[in-house]
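Structural characterization, general
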Amino acid sequence: MKKILYAVLSIAIVISLIFPFNAFATQYIFGYDVSHNNQIINCIEAKENNKSFYMIRLGYSTNHLDKNFWENVKQACENEMHFGVYLYSYAYNDSEAKEDADFVIKTLSALGEYSKFFNKSVAYDLEDTTLSKIGKAQITKQANIFCDAILKAGYAPMIYANTYWFENLIDISAISSKGYKLWYAYYPKEVPDFSSKIKIGSTGYYADMWQYKKGDAPKNILDENVAYDFEDLSHIWRVSKTEKATLSKDGKITYKCALCNKEKTKTVSKISSISLSTLSYTYNGKEKKPYVTVKDSKGKTVSKTNYSVTYSNNKYVGKASAKISFKGNYSASKTLSFKIIPKTTELLSLSSSKKAITAKWKKQSTQTMGYQLQLATDKSFTKNKKLITVSNNKTVSKTIKKLSEKKKYYVRIRTYKTVGSTKYYSDWSKSKAITTK
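Residues numbered from 1 in each chain as written. Predicted model: local features only at pLDDT ≥ 70, side-chain atom pairs only at ≥ 80, totals over all residues. Heavy atoms only, no water.

1. Examining the overall build of the protein
Tallying secondary structure elements over the protein gives 7 helices and 25 strands in all. For 437 residues, the compact-globule estimate of 2.2 N^0.38 gives 22 Å, and the C-alpha radius of gyration of the protein, at 34 Å, exceeds that figure by more than 25%. When each of the 437 residues of the protein is scored for burial, the buried share is 45%. Sequence-distant contacts, at least 24 apart, represent 62% of the contacts inside the protein between residues at least 6 apart. For the protein, the exposed area adds up to about 22800 Å²; of that, 49% sits on carbon and sulfur atoms. (Helix = DSSP H or I, 4+ residues; strand = E, 2+ residues; numbered from the N terminus. Rg over C-alpha atoms; globule rule 2.2 N^0.38 Å. Buried < 20%, exposed > 50% of the residue type's maximum accessible area, 1.4 Å probe, protein only. Contact = heavy atoms within 4.5 Å. Areas by Shrake-Rupley, 256 points an atom, 1.4 Å probe, with all protein chains shown as cover.)

2. Focus on helix α5 (residues 136-152)
For α5, built from 17 residues, the straight-helix expectation of 24 Å at 1.5 Å per residue is met to within 8% by its first-to-last C-alpha distance of 24 Å. Gly 154 sits one or two positions beyond α5 and adopts a positive phi of about 100°. (Expected span 1.5 Å × (residues − 1).)

3. Description of the pattern of salt bridges
Under the counting rule described, the total for this entry stands at 12 salt bridges. A salt bridge links Asp 102 to Lys 98; the nearest nitrogen and oxygen atoms lie 2.8 Å apart. With a gap of 4 residues between them, Asp 102 and Lys 98 both fall in helix α4 (residues 94-108), about one helical turn apart. Given the relative accessible area of 37%, Lys 98 is considered partly exposed. Linking Lys 197 and Asp 208 is a salt bridge whose minimum nitrogen-to-oxygen distance equals 3.5 Å. Residue Lys 197 is located in the loop between β6 (181-185) and β7 (209-213), and its partner Asp 208 is located in the loop between β6 and β7; the two are separated by 11 residues in the primary sequence. Residues joined by salt bridges that share partners form a network here, namely Lys 51, Lys 213 and Glu 224. (Salt bridge = Lys/Arg side-chain N within 4 Å of Asp/Glu carboxyl O.)

4. Details of the nonpolar core
Judged by nonpolar contacts, the single largest core of 61 residues is most densely connected at Tyr 54 and Phe 83. With 7 residues, α5 is the largest single contributor of residues to this core. What Tyr 54 contacts, discounting residues up to four positions off in sequence, is Tyr 32, Val 34, Ile 41, Asn 42, Cys 43, Ala 46, Met 81, His 82, Phe 83, Gly 84 and Leu 222. Listed in part, the 26 residues of the second largest apolar core include Ile 274, Tyr 307, Ala 320 and Tyr 330. (Core = buried A, V, L, I, M, F, W, Y, C linked by side-chain atoms within 4.5 Å.)

5. Some details on the sheet that holds strand β9 (residues 237-243)
Strand order in the open sheet formed by 3 strands is β9-β10-β11, with antiparallel pairing between adjacent strands. Looking along the sheet, the strands with just one partner apiece sit at the ends: β9 and β11 (263-268). Going from strand to strand, the sheet's axes swing by 25° on average, the running direction of each strand aside. As paired elements, β9 and strand β10 (residues 251-257) share 6 bridges and run antiparallel to each other. Across the sheet, residue Arg 238 finds its bridge partner in β10, namely Lys 256. (Pairing = 2+ DSSP bridges. Axes fitted to C-alpha atoms, helices over the stretch in contact; angles between N-to-C directions.)

6. Observations regarding the pairing of strand β24 (residues 422-425)
The sheet contact formed by strand β23 (residues 408-419) and β24 spans 4 bridges and is antiparallel. Across the sheet, residue Lys 417 finds its bridge partner in β24, namely Tyr 424. Taken together, β23 and the strand that follows it, β24, pair antiparallel across an intervening segment of 2 residues, in which Gly 420 is found at a positive phi of about 65°.

7. A short note on the sheet that holds strand β19 (residues 356-361)
Across the sheet, 3 strands lie side by side as β18-β19-β22; this open sheet has antiparallel pairing. Only two strands of the sheet have a single partner each, and these edge strands are β18 (347-353) and β22 (397-400). In this sheet, adjacent strand axes meet at a mean angle of 15° when their direction is disregarded. The sheet contact formed by β18 and β19 spans 6 bridges and is antiparallel. Within β19, the residue paired with Leu 347 across the bridge is Trp 361.

8. Side note on the environment of Met 369
By the element assignment, Met 369 lies in the loop between β19 and β20 (370-376). Residue classification places Met 369 among the partly exposed residues on the basis of a relative accessible area of 38%. Met 369 sits 23 residues away from Asn 392 along the chain, and the two C-alpha atoms are 6.4 Å apart. Those residues within four positions of Met 369 in sequence are excluded, and the remaining contacts are Ser 391, Asn 392, Asn 393, Tyr 416, Lys 417 and Thr 418.

9. Topic: the packing of α4 against α5
Closest axis-to-axis distance for the α4/α5 pair is 9 Å, and the angle between their directions is 30°. With respect to each other, α4 and α5 are oriented roughly parallel. Seen along the crossing, α4 lies across α5 with a hand that is right-handed. The residues of α5 that touch α4, namely those facing Asp 94, Ala 97, Lys 98, Asp 100, Ala 101, Val 104 and Ile 105, are Gln 138, Lys 141, Gln 142, Ile 145, Phe 146, Ala 149 and Ile 150. A per-class count over the contact of α4 with α5 returns 8 nonpolar, 2 polar and 4 charged. (Parallel < 35°, antiparallel > 145°, perpendicular 65-115°, else oblique. Left-handed = near helix turned anticlockwise from the far one by under 90°. Nonpolar A, V, L, I, M, F, W, Y, C, P; charged D, E, K, R; others polar.)

What follows is the structure, given as structure tokens:
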């Protein structure tokens, strides 16, 4: 199995060399993270296990260097394995976060020849439970203080945390909006699916690197990670130009790396379809708001964060509308219509006389102008059909004459309301049958 996986990984690496770099691709590679809690790294064994990189702990808090840091770096470089580094944080205020960054920067400045295999990614490990008491706003502020300093020094910042921290203790949007990378610790029970980036809990954001398997330090079993394009971790992409997508034209976003000024582009597929979950409602006195689904030209669902919906005339019987106004990377608007029909009524009884039928029904006058009776000589209402309109919504009975003698008829009823030049009909009631005399 290891040989097969190694062969697959080798093919993926060859493909990545043949085709142009694309930071949005899902070409992934595997690696370990390591600290002094583990033994010195064994790169030969790592390669046999299809691992292509290490995330090496530089230290913890300010001026506490991991005792195995330099030896681990030395082993990685001698075995030509790329690596990034991380610092475990105990910072409780702004100044301590800045001191953390200064410590990392000073340590990395001494890499010398070892910088050849350093991919410039520097992670800030935020998971210590004692820090949770300083609150989300302060934790996020400190994370940005650290990352801003790391970026200024020429390295690529990254934040490491688990689901709870990303959902509750870090403003992930404030981190991601600056292009800083996200390293996510989450250990699924099922076999991991690496075919696409993993979403970080309920945040709506995706991880750049995923620690998917927790190790066992006493047994020297290392945590396992997947990087969605390890090269991309060394870039901090920020939007430099946006051409918005419309209903007829693809858009394009141009990104520039804040570290090296390299550029890349991402196509924003045009909007191909906009639909409503329901096109017809029955009046009940409440506003109707059908769910909107937007698809792009690739068939992918466009997130609702990219548009707003404004509903009009959506409470009473008649034509209602939903205006979809796009934002963000899209520039378009479209209005879709749906209708609200009257509430139906109930056919209470039928009685017959010579060549005539009298129908009685339950009054339904709210948002209704009148009724329409339908007769036919078959259950499907296709033979000898006859329609009778009752224009007073307070009327509750009607005698239909000039029918065939001793003939079985099926009868049903519905309500209607005229709005403008359009009549809106309710659903038909259940039918009843009777034979004329």
